[in-house]
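Chains, contacts and geometry: an overview
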Amino acid sequence: MLIFEHSHPGRRNPSQAPADKAAINDIPEKFRRKQRPLLPEVSELQAVRHYTRLSQKNFSIDTHFYPLGSCTMKYNPRACNRLAMLPGFLARHPHAPAELSQGFLACMYELQEMLKEVTGMKGVSLTPMAGAQGEFAGMAMIRAYHEARGDSRRTEILVPDAAHGTNPATAVMCGYTVREIPTDAQGDVDIEVLKNTVGPQTAGIMLTNPSTLGVFERRIVEIARIVHEAGGLLYYDGANLNAILGKVKPGDMGFDVIHMNLHKTFSTPHGGGGPGAGPVGVSERLLPFMPVPVVDRDGKTYRLLTEKDRPQTIGRLSAFMGNAGVLLRAYVYARLLGREGMHRVAEFATLNANYLMARLAQSGFDLAFPQRRATHEFIVTLKRQAKELNVSAMDVAKRLLDLGYHAPTTYFPLLVPECLLIEPSETEAKEELDRFIAAMRQILDEAQTAPQQLKAAPHTLPVRRLDDVKAARELDLTWKPAAVA
Amino acid sequence: MLIFEHSHPGRRNPSQAPADKAAINDIPEKFRRKQRPLLPEVSELQAVRHYTRLSQKNFSIDTHFYPLGSCTMKYNPRACNRLAMLPGFLARHPHAPAELSQGFLACMYELQEMLKEVTGMKGVSLTPMAGAQGEFAGMAMIRAYHEARGDSRRTEILVPDAAHGTNPATAVMCGYTVREIPTDAQGDVDIEVLKNTVGPQTAGIMLTNPSTLGVFERRIVEIARIVHEAGGLLYYDGANLNAILGKVKPGDMGFDVIHMNLHKTFSTPHGGGGPGAGPVGVSERLLPFMPVPVVDRDGKTYRLLTEKDRPQTIGRLSAFMGNAGVLLRAYVYARLLGREGMHRVAEFATLNANYLMARLAQSGFDLAFPQRRATHEFIVTLKRQAKELNVSAMDVAKRLLDLGYHAPTTYFPLLVPECLLIEPSETEAKEELDRFIAAMRQILDEAQTAPQQLKAAPHTLPVRRLDDVKAARELDLTWKPAAVA
Amino acid sequence: MPFIPHTEDDIRQMLAAIGASGIEDLFDEIPPELRAEAALENIPDGMSEMDIARLMTERAEQDGRPLCFAGAGAYDHHIPAAVWEIATRGEFYSSYTPYQAEASQGTLQLLYEYQTMMASLTGMDVSNASLYDGASALAEAVLMAVRANRKSQSKRVLLPSTVHPVYRKVVHAIVRTQNIELIELAYCAECGHTVPEALEKYSGQDIAALVIPQPNFFGVLEEVDALTDWAHRNGALAIGLVNPVSLALLAPPSTWGEKGADIVCGEGQPLGAPLSSGGPYFGFLCCKQEHVRQMPGRIVGRTVDLDGKPGFTLTLQAREQHIRRSKATSNICTNQGLVVTAATIHMSLLGPDGLERVAGACHANTLALIDKLTAIPGVTKLLDRPLFHEAVLQLPRPAGEVLRELAAQRVLGGYDLSEDYPELGHALLICATETRTVDDIEIYANHLRRILKP
Amino acid sequence: MPFIPHTEDDIRQMLAAIGASGIEDLFDEIPPELRAEAALENIPDGMSEMDIARLMTERAEQDGRPLCFAGAGAYDHHIPAAVWEIATRGEFYSSYTPYQAEASQGTLQLLYEYQTMMASLTGMDVSNASLYDGASALAEAVLMAVRANRKSQSKRVLLPSTVHPVYRKVVHAIVRTQNIELIELAYCAECGHTVPEALEKYSGQDIAALVIPQPNFFGVLEEVDALTDWAHRNGALAIGLVNPVSLALLAPPSTWGEKGADIVCGEGQPLGAPLSSGGPYFGFLCCKQEHVRQMPGRIVGRTVDLDGKPGFTLTLQAREQHIRRSKATSNICTNQGLVVTAATIHMSLLGPDGLERVAGACHANTLALIDKLTAIPGVTKLLDRPLFHEAVLQLPRPAGEVLRELAAQRVLGGYDLSEDYPELGHALLICATETRTVDDIEIYANHLRRILKP
Ligand SMILES: Cc1ncc(COP(=O)(O)O)c(C=O)c1O
Ligand SMILES: Cc1ncc(COP(=O)(O)O)c(C=O)c1O
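Report follows, based on the coordinates. (Residues numbered from 1 in each chain as written. Chains lettered and ligands numbered in written order. Predicted model: local features only at pLDDT ≥ 70, side-chain atom pairs only at ≥ 80, totals over all residues. Heavy atoms only, no water.)

1. Some words on the site of ligand 2
Taken together, 16 residues lie near ligand 2, and B:Gly131, B:Asp237, B:His263, B:Lys264 and C:Thr334 sit nearest. Near ligand 2, residues from chains B and C are present, making the site a shared one. Within the side chain of B:Asp237, a nitrogen or oxygen atom sits 2.6 Å from a nitrogen atom of ligand 2. Here an oxygen atom of ligand 2 sits 2.7 Å away from a polar atom, N or O, in the side chain of B:Lys264. Surface burial for ligand 2 is 98%, taken as the share of its 380 Å² of free accessible area covered by protein chains. The greatest single-element share of the shell around ligand 2, amounting to three residues, is contributed by helix H5 (residues 131-148) of chain B. In the shell around ligand 2, the residues fall into five nonpolar, eight polar and three charged. (Near = heavy atom within 4 Å. Polar contact = N/O pair within 3.5 Å; in protein donor to acceptor, adjacent residues only side chain to side chain. Areas by Shrake-Rupley, 256 points an atom, 1.4 Å probe, with all protein chains shown as cover. Helix = DSSP H or I, 4+ residues; strand = E, 2+ residues; numbered from the N terminus. Nonpolar A, V, L, I, M, F, W, Y, C, P; charged D, E, K, R; others polar.)

Quick look at the structure:
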């Protein structure tokens, strides 16, 4: 039932609105609304019950193992939520003057400093509101850099074919043309093609390392050299640093700019789609271009640097300073972990991934890159099963839901056929991984003995498999009351 | 799976305990623990996931219509929880001096005053921690009253047979003998028996009005006269004032003492079993005996009255002043409702009950008291169905669970055979009642056409019907590790 | 009106179905002479959530959150954020006592886990699902012991005066009407514990039970082995009254003396309940298997369903008021379920190691506090005995006065013992839990030094 | 280590399964020369939850919660307690974007409801499932309009200077790299709105879109009908930029002029997001059905499952980066889902009547504030036009100075306009939402009177 179907004309929640209805005499009729909007008219209990019950229809980290590759579904500590929602933080207006903001700004400054340290970059701006906006900020800085040098020939951005979709989309949004670089059989960037592709038109390259293929790009130093020698800059898609925190720093690999998804590595919640935070870190030469505001410390006082302090900035990407509440959560998380904890994140994210990879291989699954180490994630391909048994990666994914596991990422990266990208994260216990392995084995059995179990899955969820084609063809994007519909 | 089954020796949550393990040198060995207790060794994620998933196995007001008679499962406003849990309230130590307690005490004082007003009593003490403890306080005051007057012959408490189990249990706990008074066919106390039972041995009577039969005791004034003339006092079990708030005051009916369940009428949460709060209100003559502490106002300052101020007090029933956090929730609720809201509670609780009663009667259910008005609740009896179709009230109750409704109270009051005590509360919408009626009709149909559906119910819950006999015979009250078990 | 969903239309239809002409009709069985009086003139108008939120925020802030060095029955421990975020989920918060077991497996399984944890902490065989608080739990334990001790004909119970004075009052208030005789045992004012010799005059008498607090109200450790053995030698049951956090370090009552305590109770607050002005907390009660049928309160058992699948249900209900009425073991009905929910999550998050560290840190902090404060001229430590996380200091001036001056500096300096134990002089009971830092202790010491400066 | 469940035993077994001799082996594909440097010397030691809780509590309190009379893009509204208690339930809080529809029906249905609510508030046909914030939503709306306007060859967009100055900066930063020309429209410094005459010089030119803020940054109401009609007459799309709370009172963009706005966007914060230092908020974006395939961001559709049962799923994904990559309508991936969850619950709790009362109270309070403050000598109201819940005052001294003095009294007095609009003199943008009381306004007025006393 939709919330609108609980609605009844005239029902209202008097405690949630001012008792008096102000008479509005000063706004001329022509500016006034004539018909009430279609908001639900439900009691507080109806709303609470409706949304509580809806919530129960979700899988989530708090209820299920959620090995969704590239998404880092690790435990979101409740303390981070609780502390970011302290009344004092919630009440701070974004225009509060620095005198009334030192507590908040101290957190932001220290977060900036910590992110500098983990990335090995020279400056960090916290404002981008998600990974893709961080990418945009990065691309815009690369562009501003070349422009500042009067180098206007550089119109191309190189992107490996395995890249996350946001990479090419961002490059285009920044006015660049995208050139794809293929991946070799080992999962590394094809260096020969790269060499032949770079040139004076190359503004830069966007790389994810570990790549979205779940492997570490081993020749990164060489790639950096090739691109730099061609006059291009290196962009690091650091959406996920989970496998390298404290193990290797993007700055040391030769990158000029990086964004991080704090909603992955720093475990801020995904919230069913967001919000995230995508801070950017830059090397020396991109410092002047960072998006504002940036937090600065002057003795013991913190303040926001703006366009005045940073005349070459690419500007602002949000009305204030990005997703502040998310940044507070990340700050708390970083302080909870500390130095040692960060090292451990990488160690155990990697241990879990490699363990799961080894055990699934032993269980009869084909790995996309069997000769490689897993990073925080790895890829299983069901190409063989698709051919031999006519079951797809999607069938396996849906069947996993029945067995109480969220599915891994399916059909991404696009270049591996029938793939499952699996990321267990460091916060899952071995027993949980073992149960997942047992479920995967069961599914492999069923694929042979009872393929219909897979093809018709899921069987136990609130709905069975949904008709996506109908959804796109017969668009039904808003509810309409029966009379109108 | 039990939390212990997720446990792994050596697993711990470092952020939840001091990093340093203090060396304890000053406590002699003989006082020290040798073996660690069997607490779970699980990660924070494991604990969060385990208890989140467990929670989903509950029915609750926030997820289901819960017409549990005598329990008043109405909406528990989230604001009450949020505000009672403000950091300042949570941090207040019970021994904080009055200078650092005025905010809290102001709430308590105002709650006391409001409870005086709704009950029509002369004094209120907030300390009892649930209804039963309120009853105890009341009985103890009656006892203290007679004792203070040197009247030691009064050893009996009269209790109608329909009374809640806590009533006779409390009377006995206070050292009294219980005499049961029968109910007449109309659901009222049998006045003739009462007249013949009262006497110089009568310490008092415990009455619930509206009674647990879901009817208002019409001859209450006469009953009060009879008992008072015999020298007894009247105790009002005000667990549920939902049907009389602002309609009639126990004080006006002639009662000497009353307890209220704030976890019913004032909508503090039931919490899967508690905590509650059972303040007592008293008439003039019992004022000196009230349990301490009581909050007093002196100009603009609040303070706690203790044994010194109230030398005749029955004493203390809790280490501090009862369930303070529950009292805060009740205070917020009372302020949200205000005068008008309280009147409405009674009106709509009564409207909902009478509507449901009328519609169920029309649907073929037998009412226990068809000639009476429902109060906040009413009774359906399945005696006929039990005889004709061999289905019990319990079968109907279990089948309701399948259909998404919590069952009404079954087999209470004991004197009505195969009964369901149904209390919809004022916060349920008519549509919800209508859906419940449809479910009840369906069950009545099934009782004829597919009785097995009922007898084997529930079918859709985490477990099927449980073996209570085995539970009591082969006691399994704590988990033991496999090795030990 | 808040929380009432009825529209005018609904009301009309509902009245029609009932056959009433107005809502007032529904109250026509109430004698009219009683109705007239029920206006609620003194109830203020309703407030919006926004307005009450503002009022409550002001009042909560008004109370100033002093730096807390008071214990005396309520302890300022860290509670993981997850505890109450989960405990207040609607499914726990707004459900009733799990009478319909199949629709309450969440709460029931949790309570079974809770019972297991408490039984293990105390070392006993079984636990109930909670009582109101520590004080009333002690009263119930006394009543239970009197019922359970079939060897004793008497209703005499020995209650050391080292038990929390308010607990003693509560026990008195609750058990007096049942002709139970509470006999106070004197303590040693030098050492602060119940000396076994104090018991000697009752040796050989018919005593139903002996209460043994560990640590006692002063934080002092009692000679629990000797006391327990004395009880058993004299046919009395031994009732342990313990702080559950202390049990991470201290010997569980099951190991006291030769046979261990028979019944164990205490205040559950230190296991995840915020200070919150004294409640809601919860009382716990554990016992040996043989006494389980005398136990008051709800008990959850594991059983199987029709398919043989394990499940949980309330059991031994024949002890309870809703079945046994006047013959029940207690009148308790509603207990402290939600706080127990929190405590169960709390114990799961801490685990045995965490609880041990917490107990250790509390103890170490209190020792540090004693050191700092006794370095102030005129302040000395009383009661020369092993202690746990609480201690008694002697001040050069009345403790009440000093506490008031400390309160003006937002320091809650402890609990004034002079009223309950005048023989101890200007005695102050202090406590520093794991939440107090070195700086906090320094702040306290500095204020106290200044206040006491001659 | 926090949040890592592995025991020594687990590690051993796992390494054995992998065939590695230690965890370090797993990193052996990283070039060794890169490894050496990765120590994190400047990261402090980990803290316990207790310690960080204390630090954060201090910092949160340090910022003093001033009495807020600032709006300028972020509004201090009451949020029902239920909103965030439900939104932060683990099932919403810790789930991902609903790619696996069957395991995400909760979030998906909620988003469908959200889309319905936003479409209805704005009067448009469809809504997406959110963008980052109001400013970036405006940028996306501009990009979308340029794509969607097939009649226009140009990439010229008219942007009134009455649009929030930071929004204009954000739009600039985001669209400049795509060769879009943003043309600022002057406003009338007396009335504070975009006079239709300012448009005249662009009449007949190829303009892709016109942005129409309502209310505008000054709180002033624009002549939306005339502006919309001008756009349509000139082949431009009309982009409405609105405050969603204002839409309870003001004409929805669908009704502006003859044909209504084509695209509507804005900041969702007033619908249940706390001020929280500026985020997370959410941007909303609605449009006419014909433009839906040009819309950026996630969209949820209702469909059926194999059994024909209704269900919800992400749809029109071919617009999005994960499918269309470099040809996507935007690079947006993660959006502001949780805040939208809160907003949906918020709107459900308020309903149409509640939202209307809130909007009315904000407006009335701002009028009362204007009255009180302009009664102070030297303070006058600027911009003589109808307004909604925000207004511009002229002070006798620089607003920045005055604001600093007010801040010292814990009053956040508004937003200093002098930097962005020097032509307005000592201009201050003020706002009083429904959360401000008569007393609050009095407090502000008293401080201001004192501060301005000559
Ligand atoms: C590798 C990679 N890059 C970029 C992104 C985009 O980040 P966001 O969704 O926060 O915009 C993601 C996340 O989905 C990602 O996994
Ligand atoms: C009529 C009646 N009296 C007394 C009680 C006992 O109240 P409590 O459960 O709070 O002890 C109840 C509640 O169950 C009740 O319904």
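2. Details of the sheet that holds strand S11 (residues 378-381) of chain B
Within a sheet, neighbouring strands are paired by backbone hydrogen bonds and run either parallel or antiparallel to one another. Residue and element names in this part refer to chain B. Read across the open sheet, the four strands follow the order S10-S11-S13-S12; overall the sheet is antiparallel. With partners counted over all chains shown, the strands left at the sheet margins are strand S10 (366-367) and strand S12 (409-410), one partner each. Of the pairings in the sheet, the one linking S10 to S11 comprises two bridges and is antiparallel in character. Looking at the pairing, Leu 367 lines up with Val 380 of S11. Along the sheet, helix H10 (residues 324-362) contacts S10, S11 and strand S13 (419-422); its crossing angle with S11, the most-contacted strand, is approximately 20 degrees. (Pairing = 2+ DSSP bridges. Contact = heavy atoms within 4.5 Å. Axes fitted to C-alpha atoms, helices over the stretch in contact; angles between N-to-C directions.)

3. Looking at the interface of chain D and chain A
Listed per partner, the contact involves 188 residues of chain D and 200 residues of chain A. In terms of surface lost to chain A, no three residues of chain D exceed D:Tyr93, D:Glu102 and D:Arg325, which account for 5% of the buried area on that side. Counting across the chain D and chain A interface gives 18 salt bridges. Across the pair A:Lys21 and D:Asp353 runs a salt bridge whose closest N-O atoms are separated by 2.9 Å. The interface formed by chain D and chain A contains 99 residue pairs in polar contact (both at pLDDT 80 or more). Looking at the side of chain D that touches chain A element by element, the count peaks at 22 residues for helix H12 (residues 337-374) of chain D. Of the residues contributing to the side of chain D that touches chain A, the split by class is 95 nonpolar, 53 polar and 40 charged. (Buried area = accessible area lost by both parts, 1.4 Å probe. Salt bridge = Lys/Arg side-chain N within 4 Å of Asp/Glu carboxyl O.)

4. What to know about the nonpolar core
Judged by nonpolar contacts, the single largest core of 295 residues is most densely connected at A:Leu194, A:Leu360, A:Phe378, B:Met141, C:Leu138, C:Ile239 and D:Met56. Broken down by element, the residue count for this core peaks at 22 residues, all from helix H10 (residues 324-362) of chain A. With residues near it in sequence (within four places) discarded, D:Met56 still touches A:Leu83, A:Leu86, A:Phe89, A:Cys107, A:Leu328, A:Tyr331 and A:Val332. Counting 294 residues, the second-largest nonpolar core is a separate cluster that includes C:Met47, D:Ala70, D:Leu237 and D:Ala251. (Core = buried A, V, L, I, M, F, W, Y, C linked by side-chain atoms within 4.5 Å. Buried < 20%, exposed > 50% of the residue type's maximum accessible area, 1.4 Å probe, protein only.)

5. A word on the environment of A:Met206
Residue and element names in this part refer to chain A. Tracing the backbone through its elements, the reader meets Met 206 in strand S4 (residues 202-207). Taking the C-alpha atoms as reference, Met 206 lies 29 Å from Gly 341; in sequence the two are 135 residues apart. In contact with Met 206, other than residues within four places in its own chain, are Glu 135, Met 139, Ile 157, Leu 158, Val 159, Pro 160, Asn 167, Ala 171 and Tyr 235.

6. With respect to the site of ligand 1
Residues in close proximity to ligand 1 total 16 residues, the closest being A:Gly131, A:Asp237, A:His263, A:Lys264 and D:Thr334. At ligand 1, the nearby residues belong to more than one chain, namely chains A and D. One nitrogen or oxygen atom from the side chain of A:Asp237 is found 2.6 Å from a nitrogen atom belonging to ligand 1. For ligand 1, an oxygen atom lies 2.5 Å from a polar atom in the side chain of D:Thr334. Against a free-state accessible area of 390 Å², the protein chains account for coverage of 98% of ligand 1.

7. Regarding the pairing of strand S8 (residues 294-298) of chain B
All names here are of chain B. Where S8 meets strand S9 (residues 301-305), five bridges bridge the pair, whose relative direction is antiparallel. Looking across to S9, one finds that Val 295 is bridged to Leu 304. Connecting S8 to the antiparallel partner S9 that follows it, the hairpin turn spans two residues, and Gly 299 within it adopts a positive phi of roughly 65 degrees.

8. Concerning the packing of aromatic side chains
Taken as a whole, this structure holds 40 aromatic pairs over all chains when the rule is applied. These aromatic residues form a ring-pair network of at least three members: C:Tyr187, C:Phe217, C:Phe218, C:Tyr415 and C:Tyr421. The ring of C:Tyr93 carries B:Arg78 above its face, with NZ or CZ at 4.7 Å from the centroid. A cation sits over an aromatic face here: D:Arg436 above D:Phe69, 5.9 Å from the ring centre. (Phe/Tyr/Trp six-rings, centres within 6.5 Å; stacked < 30°, edge-to-face > 60°. Lys NZ or Arg CZ within 6 Å of the ring centre and 35° of its normal.)

9. Let's talk about the pattern of salt bridges
Applying the stated criterion to the full structure yields 140 salt bridges over all chains. Of the charged contacts, one joins A:Arg11 and B:Glu431 as a salt bridge, the two residues approaching to 2.7 Å between their closest N and O atoms. Here A:Arg11 is found in the segment before helix H1 (44-55), whereas its partner B:Glu431 is found in helix H13 (residues 430-449) on a different chain. One exposure class covers both A:Arg11 and B:Glu431, and it is buried. For B:Glu446, the salt bridge goes to B:Arg399, with nearest N and O atoms at 2.7 Å. In this pair, B:Glu446 sits in helix H13 while B:Arg399 sits in helix H12 (residues 393-402), placing the two residues 47 residues apart along the sequence. For B:Glu446, a relative accessible area of 10% puts it in the buried group. Several salt bridges share partner residues, and in doing so they unite A:Arg12, A:Lys21, A:Arg36, D:Asp353, D:Glu356 and D:Arg357 into one network.

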